[in-house]
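Structural characterization, general
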Amino acid sequence: MTAVAVAAPRARARWVRPVLVRLGTSVLVLWGAVTVAFAGLHLTPGNVVDLLIGANTVTPEVRARLVADYGLDRPLLVQYVTYLGRVLHGDLGQSYQLHQPVASAIGAQIGASVQLMLASFALAVVVAVTVAVLTAGRRWARAVFSGIELVGISIPSFWAGILLLTVFSFGFGLFPATGGEGLESLVLPSVAMAIPVIATLSQVLREGLELTLEEPFVLTARSRGMSDLGVRLRHALRHALLPTVTLAGWMVSYLFGGAVITESVFSRQGIGRLTLTAVTNKDLPVVMGVVLIASLLYVVVNILLDLLYLAIDPRLRGA
């Protein structure tokens, strides 16, 4: 057997092992999210049947039937196991207010939120990488952009949204103030959500680039006649990416949470507005369904990040 044939399974094992570990921890995270969701349904003040009935007056017989239909007359442990089984089969329950499956309610709105998150993510990455590459190691540029980034981090997304609406929608009339139809309606909310992310990513990436630019291999690349921009893009950027990639998990979580407020400010349809309405109306199954979807998104993103770490830094594959 050749050395290549022996090395191939070992290389695959180095990729598979961390992925399996992450999958195991991810299962625990999702189980914990389901448990917290179940606890939230039962520990939140107010009776589930009262929420279902609303302002209507019903007879004791109707009330008893509702209790039996929702399984609320069974022991708590039985309810928990039943809830866990439903979740495993993709059943997130029934919305109290919308009178439809929670999965359908979320599915109808999540597309608009994903579109907004992807647009904000792409904008943040492009701008942050550009700013960091052009300003790393340059004192005057670093000083100017560090001040701008500090302001960007300090601005809440909802306030940035209001400012953008005031200037570009109400002032110049360049973009629509409300709605979610067309690319034009995506510009302002994407910018509002991306501003704090751009400021954070560019700061972290600049620090990594400045440390990398002092490494010996950078001096070697410069001695070969490579331009400064070429050195930054082809050599320094890849080595400086790991700390920034670590922030990507936080960034996705921030964007998911930021959608709740941003979609309300810009009157956009999406899972954010659905969540806000559900919280206002105490529609607990919808709120808990969103919690589970957010947990699943967090798990998937972190698995992808682990794979990205291995792709960026070969030293991790050899550990």
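A quick note: this is a predicted structure, and the numbers were derived from the prediction, not measured.

Thresholds, definitions, all that
Position numbers for residues count from 1 along each chain, tracking the sequence in the order it is written. Reporting of local features is limited, given that this is a predicted model, to residues whose pLDDT is at least 70; pairs of side-chain atoms are given and counted only at 80 or more, and all residues count toward the totals for whole chains, interfaces and linings. Side-chain measures were taken over the full set of non-hydrogen atoms in the model, leaving aside hydrogen atoms and water. What counts as a helix is a DSSP run of H or I of at least four residues, what counts as a strand is a run of E of at least two, and both are numbered from the N terminus. Categorising residues by exposure relies on relative accessible area from a 1.4 Å probe, with only protein chains included: less than 20% of the type maximum marks a residue as buried, more than 50% marks it as exposed, and the intermediate range marks it as partly exposed. Only heavy atoms enter the contact rule, under which two residues are in contact if any of them lie within 4.5 Å. Each accessible area value is a Shrake-Rupley result obtained with a 1.4 Å probe; residue values ignore everything except the protein chains displayed when judging cover. Each residue carries a pLDDT value, the predictor's own confidence for that position, ranging from 0 to 100. To qualify as a nonpolar core, a set must consist of buried Ala, Val, Leu, Ile, Met, Phe, Trp, Tyr and Cys residues joined through side-chain atoms within 4.5 Å. The pairing test for Phe, Tyr and Trp rings, Trp by its six-membered ring, is centres within 6.5 Å, and the orientation test on the planes gives stacked under 30 degrees, edge-to-face over 60, and tilted for anything in between. Nonpolar side chains (Val, Leu, Ile, Met, Phe, Trp, Tyr) are joined into patches within 5 Å and like charges within 9 Å, using only residues with over 30% relative accessible area and no salt bridge. Salt-bridge detection follows one rule: a side-chain nitrogen of Lys or Arg within 4 Å of a carboxyl oxygen of Asp or Glu. Between N-to-C directions, angles span 0 to 180 degrees; the directions come from axes that are lines fitted to C-alpha atoms, helices contributing only their stretch in contact. In this scheme the crossing of two helices becomes right-handed for a clockwise turn of the near helix relative to the far one and left-handed for an anticlockwise turn of less than a right angle. Under this grouping Gly is polar, as are all residues other than the nonpolar Ala, Val, Leu, Ile, Met, Phe, Trp, Tyr, Cys and Pro and the charged Asp, Glu, Lys and Arg. A helix is expected to reach a length of 1.5 Å times the quantity of its residues less one. This arc is built from the directions going out from the helix axis to the C-beta atoms.

Description of the overall build of the protein
Assigned secondary structure in the protein consists of 13 helices and zero strands. Taken from the N to the C terminus, the helices and strands of the protein come in the order α-α-α-α-α-α-α-α-α-α-α-α-α. For the protein, the proportion of its 319 residues judged to be buried stands at 37%. For the protein, the proportion of contacts with a sequence separation of at least 24, taken over those separated by at least 6, is 75%. Here the protein has roughly 17600 Å² of accessible surface; of this, 69% comes from carbon and sulfur atoms.

Concerning the side chain of serine 190
Within the fold, serine 190 resides in helix α8 (residues 184-212). Every residue in contact with serine 190, bar those within four places of it in the chain, is listed here: Leu116, Ala119, Ser120 and Leu123.

Details of the environment of serine 295
Relative to the elements of secondary structure, serine 295 occurs in helix α12 (residues 284-312). Expressed as a C-alpha distance, the spacing of serine 295 and glycine 32, which sit 263 residues apart in the sequence, is 9.4 Å. The residues touching serine 295, leaving out its near neighbours within four places in the chain, are Leu30 and Ala33.

Regarding the side chain of serine 113
Here serine 113 is to be found in helix α5 (residues 102-135). Filtering out sequence-adjacent residues up to four positions away, serine 113 remains in contact with Glu263, Gly270, Ile271 and Gly272.

Points about the confidence of the model for the protein
For the protein, the mean per-residue pLDDT works out to 79, and 87% of the residues sit at or above 70. Considering each helix and strand of the protein separately, the mean pLDDT is smallest for helix α13 (residues 314-317), with a value of 56, and largest for α5, with 88. Between residues 3-8, whose pLDDT stays under 50, and residues either more than four places distant or in other chains, the model counts one contact.

Here's the deal with the nonpolar core
By size, the foremost hydrophobic cluster in this structure holds 36 residues, and its most contacted members are Tyr83, Ile106 and Leu292. Contributing elements (two or more residues each) for this core: α1 (3-43), α4 (76-88), α5, α8, α10 (228-265), α11 (271-280) and α12. At seven residues, the largest contribution of residues to this core is made by α12. Counting residues in hydrophobic clusters, the runner-up holds twelve residues, among them Ala136, Leu209, Val231 and Ala240.

Considerations on the packing of aromatic side chains
Per the stated rule, a full pass over the model turns up one aromatic pair. Ring geometry for phenylalanine 168 and phenylalanine 172: centres 6.5 Å apart, planes at 40°, overall tilted.

Considerations on a nonpolar patch on the surface
A grouping of Phe158, Trp159, Ile162, Leu163 and Ile261 is seen on the molecular surface, where their side chains present a nonpolar patch of about 450 Å² in accessible area. Considering each element in turn, the nonpolar patch owes the most residues, four residues, to helix α7 (residues 157-171). Note that isoleucine 162 resides in helix α7.

Digging into the packing of helix α6 (residues 139-154) against α8
With their axes 7 Å apart at the nearest point, α6 and α8 run at an angle of 145° to one another. At the point where α6 passes α8, the crossing takes the left-handed sense. Residues Arg142, Phe145, Ser146, Glu149, Leu150, Gly152 and Ile153 of α6 pack against Ile195, Pro196, Ala199, Thr200, Ser202, Gln203, Arg206, Glu207 and Glu210 of α8. Its residues assigned to classes, the contact of α6 with α8 comprises six nonpolar, five polar and five charged.

What to know about the pattern of salt bridges
In this structure the tally under the stated criterion is four salt bridges. In this structure, the salt-bridge partner of arginine 142 is glutamate 210, at a minimum N-O distance of 2.5 Å. Highlighted residues: arginine 142 in helix α6 and glutamate 210 in helix α8, separated in sequence by 68 residues. For arginine 142, a relative accessible area of 26% translates into the label partly exposed. Residues participating in the shared-partner salt-bridge network are Arg142, Glu207 and Glu210.

What about unusual backbone geometry?
Unlike most non-glycine residues, histidine 99 shows phi in positive territory, near 55°. Tracing the backbone shows histidine 99 in the loop between α4 and α5. Phi at serine 267 takes a positive value of approximately 50°, unusual for a residue other than glycine. Take serine 267: it is sitting in the loop between α10 and α11. Accessibility expressed as a relative area gives 32% for serine 267, which makes it partly exposed.

A short note on the environment of valine 49
Here valine 49 shows up in helix α2 (residues 48-53). Sequence separation of valine 49 and alanine 64 is 15 residues, and the distance between their C-alpha atoms is 9.3 Å. With residues near it in sequence (within four places) discarded, valine 49 still touches Arg63, Leu66, Val67 and Leu72.

Here's the deal with α4
Taking 1.5 Å per residue as the helical rise, α4 with its 13 residues ought to reach 18 Å, and the 18 Å between its terminal C-alpha atoms agrees with that figure. For α4, the set of buried residues is Gln79, Tyr80, Tyr83 and Val87. Within α4, the buried residues cover an arc of 100° as seen down the axis, which keeps them to one side. Structural note: α4 exposes Leu77, Val81 and Leu88 on the side pointing more than 90 degrees away from its buried face. Backbone geometry just downstream of α4 places glycine 90 in the positive-phi region, at approximately 85°.

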